[in-house]
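# Coordinate analysis (summary)
Chain by chain, the residues run as shown.
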Number of protein chains: 2
Amino acid sequence: MPTLPVTIHMIRAAAERLAPHAVRTPLLEHPALNARVGGRVFLKCENLQRVGAFKFRGAYNKISQVDPKAFPGGVVACSSGNHAQGVAAAATLCGLRSAIVMPADAPAMKIARTKAFGGEVIAYDREREDRDAIARALCVERKAAYVHPFDDADVIAGQGTGVTLDAVLVNVSGGGLASGITVAVKDASPSTEMWTVEPAGFDDFARSLASGKPERNERLSGSICDALMAESPGELTLTIGKALMAGGVAVTDAEAAAAVRFAFEELKLVLEPGGAAGLAAILTGKVPAKGRSVAVILSGGNADPARYARIINGEL
Amino acid sequence: MPTLPVTIHMIRAAAERLAPHAVRTPLLEHPALNARVGGRVFLKCENLQRVGAFKFRGAYNKISQVDPKAFPGGVVACSSGNHAQGVAAAATLCGLRSAIVMPADAPAMKIARTKAFGGEVIAYDREREDRDAIARALCVERKAAYVHPFDDADVIAGQGTGVTLDAVLVNVSGGGLASGITVAVKDASPSTEMWTVEPAGFDDFARSLASGKPERNERLSGSICDALMAESPGELTLTIGKALMAGGVAVTDAEAAAAVRFAFEELKLVLEPGGAAGLAAILTGKVPAKGRSVAVILSGGNADPARYARIINGEL
């Protein structure tokens, strides 16, 4: 195992911190899905996690270690919606104030839920404004700690909490979930292939793994997978990915929608499009499951009701 | 424990038969639900069961014991849709033919899924025809075994497979699931209260428990809980209920719809209205959860997509 920014010991410490607060989500196997692909597929249901997505684990591990005396203004973060909810809920649990910089076109239900978990939402224009600059200015002004959505060792360690498998598929935006889980899985099972899954047109992580250097996406918006549109990989997350991952694949909006519909019809699980990308990669055979045992991380279930209705009725 | 038509030994034998075929569905606890009711609520997710509802367990335990030489025509059943899928899937697994008598107005997706699992569907008019007479004539004509949806000791034993709790809430149509689970829970934990939940206007089981004799519903159709409209309790199921159950409550269509919406928004689980009745009873406080530990059986997830879309968008 090469020297990496996150160790298995950091992940074990995070798991202890999270035990009283995170949901121990089930790993499900379903006869209809196994029959469809001809192998065994295990679904790690992080759509059933507190706040409806895996983001709570990374946020809580980070925020529970923030010293309120050093940061009287609490915490600040940038997010398309799921990290926002994770930060708001974790900060409220820790008795801290939270402010989250969110795109003005984020799903309304993600904005509403972030507020309901106790967060202050600050909207920005995805095409014209720089969310990082807004967040960093807020941190200085309020004496608040910045909680990066993925490129922070404590966030990655928290997201790595939680299988001998031929392959594990993880949805990727910036790669905090994928790199954290990769360190944990590779420690327990070095022969397991780790695959990233992204929306087509937003496969910066897969291209970066292939080229060995950070690649950027051409567009900043335009996928139904609103959770998976980070512009480029993190420095920490790509370092871990280059050392330990097998590669990355991309799925189209139509393939992600078909996976959301499959989960509704057959699995009875609510997934948002970005949370279903890995399932789409298995259903389309982009990562083969035939005759193998593979696990798919179902990373989020915060589906916008109007869009979800169109997807399950076959209109999208 | 009084002498009853189903014993804990029959349930243990059923559990052995089912182990290689049924999904071991998770028992989930969710922070948002616990906070809402002020107690601990455990959700037994039978919407994640094979065929999308608990019915598979009872049907497989019965059908796997049917002798194909004595019944060359396979099996015949009557069902509003979930028992239909359970019988079709179990018969196909056992290499037997199946015919299911279903109401012509059953949800289209339940009819389509029953056929996909290998069942022959025979439609009848809920207001004008007698489904039992149609099914019994088919059994004679084809030399087929009849698989009752609830009032059969093997069906009840299968449904009883699978918690020290203050109370358990079970959705009831004829009571196969409720009576099977009651025998199993009461054996392990005599102090646990067992509660039935039915749609308002279709609370024959609750009224029968109160009066001590079988009561009938006035109407045969008209609830969005299409899975929970049996006309009266079974003889076996009521015998068990009278001996061991605390009582029954009823929920309105609006309350069931609100519970489906809560499961979509907060729990990320797909429930059909009838599968969400017990959750509705907890959310409305009809069975109190404050300061207690209660379990709710989420009995089915075969939601019609058009109706589901209206419910999650607040139109129903």
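For clarity, every value in this text was computed on a predicted model and none was experimentally measured.

## A word on the confidence of the model for chain A
Residue and element names in this part refer to chain A.
- In this model, chain A carries a mean pLDDT of 89, and residues with pLDDT of at least 70 account for 98%.
- Within chain A, the element-level pLDDT minimum falls on helix H2 (residues 31–37), averaging 76, and the maximum on strand E9 (residues 247–251), averaging 97.
- As a predicted assembly, this complex carries a pTM of 0.74 together with an ipTM value of 0.72.

## Some points on the sheet that holds strand E6 (residues 145–146) of chain B
All names here are of chain B.
- Strand order in the open sheet formed by four strands is E5-E4-E3-E6, and the pairing between neighbours is parallel. The open sheet has two edge strands, strand E5 (120–124) and E6, and neither has a second partner.
- In this fold helix H4 (residues 82–93) packs onto strand E3 (75–78) and strand E4 (98–103), with an angle of close to 170 degrees to the strand it touches most, E4.

## Thoughts on the domain arrangement of chain A
Residues and elements named next belong to chain A.
- Along its sequence, chain A is carved into domain 1 (8–53 + 152–312) and domain 2 (56–146).
- Averaged C-alpha coordinates put domain 1 and domain 2 at centres separated by 23 Å.
- Between domain 1 and domain 2, a total of about 2,300 Å² is buried, with carbon and sulfur atoms accounting for 53% of that surface.
- Per-residue buried area on domain 1 facing domain 2 is highest for Arg17, Val51 and Asn302; these three make up 25% of the total on that side.
- Across the domain 1-domain 2 interface, the total number found is four salt bridges.
- Note that Lys110 and Asp226 form a salt bridge whose closest N and O atoms lie 2.5 Å from each other.
- In this assembly, domain 1 and domain 2 are joined by 16 residue pairs in polar contact (both at pLDDT 80 or more).
- Elements that contribute at least two residues to the side of domain 1 that touches domain 2 include exactly helix H1 (8–18) and helix H7 (153–159).
- The biggest single contributor to the side of domain 1 that touches domain 2 is H7, with five residues.
- Taken together, the residues of the side of domain 1 that touches domain 2 sort by class into 13 nonpolar, nine polar and eight charged.

## Quick notes on the sheet that holds strand E2 (residues 40–45) of chain A
All names here are of chain A.
- Spatial strand order, E1-E2-E10-E7-E8-E9: six strands in an open sheet with mixed pairing. Taken across any chain shown, the strands that pair with only one partner, and hence form the sheet edges, are strand E1 (27–29) and E9. Adjacent strand axes in the sheet meet at a mean angle of 25 degrees when their direction is disregarded.
- The pairing of strand E8 (residues 193–199) with E9 spans five bridges and is parallel. Bridging across to E9, Thr196 finds its partner in Gly248.
- On the sheet, helix H9 (residues 204–211) packs against E8 and E9 and is oriented at approximately 135 degrees with respect to E8.

## Remarks on the relation of the copies chain A and chain B
- Of the transformation placing chain A onto chain B, the axial shift is 0.0 Å and the rotation is 180 degrees, giving an RMSD of 0.0 Å. What we have between these two chains is a two-fold relation.
- An overlap of 100% is found between the interface residues of chain A and their copies at the interface of chain B, pointing to a shared contact surface.

## Let's talk about the packing of aromatic side chains
- Tallied over the full model, the rule gives seven aromatic pairs over all chains.
- Geometrically, the ring pair formed by A:Phe264 and A:Tyr308 is edge-to-face, given 6.2 Å between the ring centres and 80 degrees between the ring planes. Of this pair, A:Phe264 sits in helix H11 (residues 253–267) while A:Tyr308 sits in helix H13 (residues 305–312); the two residues are 44 residues apart in sequence, bridging distant segments of the chain.
- Aromatic ring contacts, followed pair by pair, group A:Phe264, A:Tyr308, B:Phe264 and B:Tyr308 into a single cluster.
- Above the plane of the ring of A:Tyr146 lies A:Arg136, whose end atom (NZ or CZ) is 4.6 Å from the centre.

## Describing the interface of chain A and chain B
- With 29 residues of chain A at the interface, the matching set in chain B holds 29 residues.
- Looking only at chain A, the three residues that lose the most surface to chain B are A:Phe264, A:Lys268 and A:Val270, adding up to 28% of its buried area.
- Across the chain A-chain B interface, the total number found is two salt bridges.
- Between A:Glu266 and B:Arg113 there is a salt bridge whose closest N-O contact spans 3.5 Å.
- Tallying contributions element by element places H13(A) first for the side of chain A that touches chain B, with five residues.
- Looking at the side of chain A that touches chain B, its residues break down into 16 nonpolar, seven polar and six charged.

## Some points on the packing of H9(A) against helix H10 (residues 235–244) of chain A
Residue and element names in this part refer to chain A.
- At their nearest, the axes of H9 and H10 sit 10 Å apart, and the two run at 55 degrees to each other. Here H9 lies oblique to H10, going by the angle between them. The way H9 lies across H10 gives a crossing that is right-handed. In this structure, H9 uses Phe205, Ser208 and Leu209 to contact H10, whose residues at the interface are Thr237, Leu238, Gly241 and Lys242.
- Its residues assigned to classes, the contact of H9 with H10 shows three nonpolar, three polar and one charged.

Each value, and the rule that gives it
- Residues numbered from 1 in each chain as written.
- Chains lettered and ligands numbered in written order.
- Predicted model: local features only at pLDDT ≥ 70, side-chain atom pairs only at ≥ 80, totals over all residues.
- Heavy atoms only, no water.
- pLDDT = per-residue confidence, 0-100.
- Helix = DSSP H or I, 4+ residues; strand = E, 2+ residues; numbered from the N terminus.
- Pairing = 2+ DSSP bridges.
- Contact = heavy atoms within 4.5 Å.
- Axes fitted to C-alpha atoms, helices over the stretch in contact; angles between N-to-C directions.
- Domains from an automatic or database assignment.
- Buried area = accessible area lost by both parts, 1.4 Å probe.
- Salt bridge = Lys/Arg side-chain N within 4 Å of Asp/Glu carboxyl O.
- Polar contact = N/O pair within 3.5 Å; in protein donor to acceptor, adjacent residues only side chain to side chain.
- Nonpolar A, V, L, I, M, F, W, Y, C, P; charged D, E, K, R; others polar.
- Least-squares fit on C-alpha atoms with pLDDT ≥ 70 in both.
- Phe/Tyr/Trp six-rings, centres within 6.5 Å; stacked < 30°, edge-to-face > 60°.
- Lys NZ or Arg CZ within 6 Å of the ring centre and 35° of its normal.
- Parallel < 35°, antiparallel > 145°, perpendicular 65-115°, else oblique.
- Left-handed = near helix turned anticlockwise from the far one by under 90°.

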